[in-house]
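Listed below, chain by chain, are the residues.
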Protein chains: 2
Amino acid sequence: MAQAAQAPSGTRDLLADEVRRRKAAFDALSQIFESFGFDPLETPAFENLDVITGKYGEEASKLIFKILKRGVHEASGQADLALRYDHTVPLARVIGTHGAKLPTPYKRYAIGPVWRADRPQEGRFREFVQCDIDTVGSLSPLADAEIVLALAQGLGALGVHDCTFMVNSRKALYALLEVYDIDAAVGPSVLATLDKLDKVSPDHVIKELSADRGLTPDVAEALVGDIAADTTDRIRERLGTTEQGRAGLAEVDRLIELATNAGLAKERIIYTARMVRGLDYYTGAIYEVTAAGYPGSIAAGGRYDHLVAALGGPDVPACGGSIGIERILAAQHSENTEQRGLDVALTVLGGENRLMRLAADLREEGLRAGIYLGSSTKLSRQLKWANDQNARIAVLYGSDEQAAGEVTVRDMQSGDQARVSIDGATRHIRDMFASS
Amino acid sequence: MAQAAQAPSGTRDLLADEVRRRKAAFDALSQIFESFGFDPLETPAFENLDVITGKYGEEASKLIFKILKRGVHEASGQADLALRYDHTVPLARVIGTHGAKLPTPYKRYAIGPVWRADRPQEGRFREFVQCDIDTVGSLSPLADAEIVLALAQGLGALGVHDCTFMVNSRKALYALLEVYDIDAAVGPSVLATLDKLDKVSPDHVIKELSADRGLTPDVAEALVGDIAADTTDRIRERLGTTEQGRAGLAEVDRLIELATNAGLAKERIIYTARMVRGLDYYTGAIYEVTAAGYPGSIAAGGRYDHLVAALGGPDVPACGGSIGIERILAAQHSENTEQRGLDVALTVLGGENRLMRLAADLREEGLRAGIYLGSSTKLSRQLKWANDQNARIAVLYGSDEQAAGEVTVRDMQSGDQARVSIDGATRHIRDMFASS
């Protein structure tokens, strides 16, 4: 026999339990975001190619799935569409397309698949769900704080309670370069090296800064010493000597103040001078979230006031964040293996018409009722089916029962059986579920 | 200014109310299907090209969105993947891929987008949701009846109560050709012409059958006369003269018997001798559903015992149906224009920290609370924002209120205002919602 066809490399078929588990997570997130007044947005799976092209940098652009032109143009080998690579470029496009129809500010969430032709590996897929919230059109620090709170509550709804927000600011990062007199040309690589302080030792970082980034050993040591210190006092003091540094710290502190006043515990939102994120488009406060038991960062975000314009939309301020839902779901996978079975499995030994009615009545009561659809007339075979379906209860309606106008109701766990009138069977079974 | 970028031709951006309306419909359908014991299945947005190729016929194959190879192979202009064109081919592939892991029979539903490069027009999109339920691995007529019942209840959950199932059978259709001695070569076109009896007059159909299909006028007249008669007595009598005809009628009658016994009203499921559907892959009972107020058929299905094999899976019996969810949603569009607004809009005239806390408390109570994120310090401007958000209640916290430790709670419809202590504001507002 030929090898059975598989799902494409890097994609998954999601079977029943996995679909239900994911849907529960997405619904929980939606509900949290809705409570903050965020609106759902769904954009098409693909965009016109020119909307996507040139937005992600050279490396990333190789990972874009492009769609071939159709009809007589197919032979050209050219593409005119591309699969969604993230939710941000489509958001910028939507702001341009629907501007006037959208509320101001526009607060939206997007939970849906994006596609990237990354090399597939354990836990990395070519089709995966991204979960974004963004507020477009507000400069208010309340908007940033709202994103942080929505992320924190969203994580909580996913069962991730022990998380920590590391907060920094683009301005504070630039001030850092300023006060330590670091050349702008090496600035980004210096910051990227500093960001490794969460993984490697201060000594290692000092060595890299002086060997590879051209900092003098003195500067490298002072910088790392200030940043890796137990408190942020020294680094705060240094940053406080410049206007940019004061502005950056003010931004960080205001975000922390607003978030903690709204109920986020103080130990869960911390100024973290080494935390960088991408410098490409963030303009204000930035944050990254870690949690015990989860690898890497499980959420992140910040303010990016000119990104919408850079992506082809109007020049409007914006801030937003995203939850690494796939990473979280993967980490939780082993915890949840519950299968949804049938509530009631109806075996069939004749009397199909009456059994169809009984199944319909049970569904009316909100029960999940399935009827045997196989070809076996052996009860043992049918009970094996009921067992395979994880049924809590099986209904038997053999010739004895039919003659008496009754059914046998069997508890599949205990094996207990009871004969009840078929007309009263729905109530009987409903009561069994109500009392359990 | 340059023209703003648009969504690709034939696709839509789904804004808040539309997303919510669609999600409610999909969730309602899922719940019905689950109650019958159907399991959800989600397959990737694209399949390997060879899984899709050659499955849909020549015309349809032009409508498939193909994905260009990536990396160094992009320049070849060749495709290696294709977007999902329906849910049936992926189902056949899944049966092959996961066979042993799936329950027997495998009852699954799929509600998700498919992509077809049809010429876009009013109400026809290139990205649209299909909603399928199928039972794979059962020959039982109970399986067919279950599909009919699940479709009927699914339609009911969508608010379509007045629907009629027109039932026929592939065997009855072939028997029709047999008893009227119609050449097999013209058979399919004769049946297609007969199927027009729901739209055009019997005379017109008779004329087409004799002029274009090569039937003698006598045969055409007898055939149409029998089929268009007020009762099915005559056509039943004719079909009853052949074995194939009797088998076909038995199939139809058994389906009707099981469905009506399970509660479907007799007048809602009718043997319809002219009803054809595709002959290509149906092997048993077939049905099409119409409803007052909805154009064309809004659901359809049947038994197709060898389709899974023809589509690349194993040779297993199957039956299934699908609901024309996009058509139904489009027809209902004008009825539902409800917008989801904020429950509580918090204006900001200072006191942000306290307001953030109040907003969090209101969300804890299950209310949808948004805080003003604009730059205006004018209350009138902020109340306009609250109004634009369809807020039921606005909260005012000006310097007077701040000094008194109070807020003003304003009913946005009546304009009624009340001053309450800010610490009691959450309870006060919660009670306003509870009592309304």
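Residues numbered from 1 in each chain as written. Chains lettered and ligands numbered in written order. Predicted model: local features only at pLDDT ≥ 70, side-chain atom pairs only at ≥ 80, totals over all residues. Heavy atoms only, no water.

Asks: Explanation requested: unusual backbone geometry in the structure shown.
Replies: Negative phi values dominate among residues other than glycine, just as trans dominates among peptide bonds. A cis amide bond links T104 of chain A to the next residue, P105 of chain A, at an omega of -10°. Phi angles above zero are rare outside glycine, and D181 of chain A is one such case at about 60°. Of note in this structure, N390 of chain B is not a glycine but carries a positive phi near 55°. Residue placement: N390 of chain B occurs in the loop between α15 (379–388) and β14 (393–396). Its relative accessible area of 37% is what places N390 of chain B among the partly exposed residues. (Helix = DSSP H or I, 4+ residues; strand = E, 2+ residues; numbered from the N terminus. Buried < 20%, exposed > 50% of the residue type's maximum accessible area, 1.4 Å probe, protein only.)

Asks: Whenever I open this one, the packing of aromatic side chains confuses me. Can you help?
Replies: Taken as a whole and assessed by the stated rule, the structure comprises 16 aromatic pairs over all chains. Ring geometry for F46 of chain A and F65 of chain B: centres 5.0 Å apart, planes at 50°, overall tilted. Here the residue F46 of chain A occupies a position in strand β2 (residues 46–48), and F65 of chain B occupies one in the loop between α3 (57–61) and β3 (66–68), the pair thus bridging two chains. When the ring of Y372 of chain A is compared with that of W385 of chain A, the centres are 5.5 Å apart and the planes differ by 70°; the resulting orientation is edge-to-face. In this pair, Y372 of chain A is assigned in the loop between β13 (369–371) and α15 (379–388) and W385 of chain A in helix α15, connecting sequence segments 13 residues apart. (Phe/Tyr/Trp six-rings, centres within 6.5 Å; stacked < 30°, edge-to-face > 60°.)

Asks: How should the pairing of strand β5 (residues 106–115) of chain B be read in this particular structure?
Replies: The two faces of the sheet receive side chains in turn, since in a regular strand these alternate between them. Residue and element names in this part refer to chain B. Here β5 lies mainly inside the structure; eight of its ten residues are buried. Inspection of the sheet shows strand β1 (residues 39–40) paired to β5 by two bridges, in the parallel sense. Within β5, the residue paired with D39 across the bridge is R108. Relative to strand β6 (residues 127–136), β5 runs antiparallel, the two sharing ten bridges. Note on β6: the bridge partner recorded for P113 is V129. (Pairing = 2+ DSSP bridges.)

Asks: I keep staring at the interface of chain A and chain B and nothing clicks. Help me out?
Replies: The parts lose accessible area when they come together, and the size of an interface is often stated as this lost area. With 92 residues of chain A at the contact, the number on the chain B side is 92 residues. For the pairing of chain A and chain B, the buried interface totals around 7,400 Å² over both sides, and the portion due to carbon and sulfur atoms is 58%. The interface formed by chain A and chain B includes 20 salt bridges. Two residues, E352 of chain B and R254 of chain A, come together in a salt bridge whose shortest N-O distance is 3.9 Å. At the boundary of chain A with chain B, the tally comes to 41 residue pairs in polar contact (both at pLDDT 80 or more). Considering each element in turn, the side of chain A that touches chain B owes the most residues, seven residues, to helix α1 (residues 16–35) of chain A. Among the residues making up the side of chain A that touches chain B, the classes are represented as 47 nonpolar, 19 polar and 26 charged. (Contact = heavy atoms within 4.5 Å. Buried area = accessible area lost by both parts, 1.4 Å probe. Salt bridge = Lys/Arg side-chain N within 4 Å of Asp/Glu carboxyl O. Polar contact = N/O pair within 3.5 Å; in protein donor to acceptor, adjacent residues only side chain to side chain. Nonpolar A, V, L, I, M, F, W, Y, C, P; charged D, E, K, R; others polar.)

Asks: Quick question: what am I supposed to make of helix α6 (residues 170–179) of chain A here?
Replies: Residues spaced three or four apart along an α-helix face the same direction, because each turn holds 3.6 residues. Residues and elements named next belong to chain A. For α6, every residue scored as buried is listed here: A172, L173, A175, L176, L177 and V179. Residues of α6 that are buried make contact with β7 (163–169), α7 (187–194), α9 (217–227), α10 (233–239), α11 (243–261) and β9 (285–291). A distance of 3.0 Å separates the backbone nitrogen of K171 from a side-chain oxygen at the start of α6, and that oxygen is part of S169. Following α6 by one or two positions, D181 has its phi on the positive side, about 60°.

Asks: What's the story with the pairing of β7 of chain A in this structure? I'm lost.
Replies: All names here are of chain A. β7 sits mainly inside the fold: six of its seven residues count as buried. In this structure, β7 lies alongside β9, joined through seven bridges in antiparallel fashion. Looking at the pairing, N168 lines up with I286 of β9. For β7 and strand β8 (residues 269–271), the ladder comprises three bridges, and the chain directions are parallel. Bridge assignment links M166 to a residue of β8, and that residue is I270.

Asks: I would appreciate a short explanation of the sheet that holds strand β7 (residues 163–169) of chain B in the present structure.
Replies: Picture the strands of a sheet paired through backbone hydrogen bonds; they go either parallel or antiparallel. The strand order β1-β5-β6-β11-β10-β9-β7-β8 (chain B) describes an open sheet built from eight strands, whose pairing is mixed. The open sheet is flanked by β1 and β8 (269–271) of chain B, the only strands paired with a single partner.

Asks: What is the right way to read the relation of the copies chain A and chain B from this model?
Replies: Relating the two copies of this chain is a rotation about some axis coupled with a shift parallel to it. Relative to chain B, chain A is turned by 180° and slid 0.0 Å along the rotation axis, the superposed coordinates differing by an RMSD of 0.1 Å. Such a combination of turn and shift is consistent with a two-fold rotation axis. The position closest to the rotation axis in chain A is occupied by the C-alpha of G77 of chain A, lying 1.7 Å away. Looking at chain A, 100% of its interface residues are interface residues in chain B too, so the copies touch through the same face. (Least-squares fit on C-alpha atoms with pLDDT ≥ 70 in both.)

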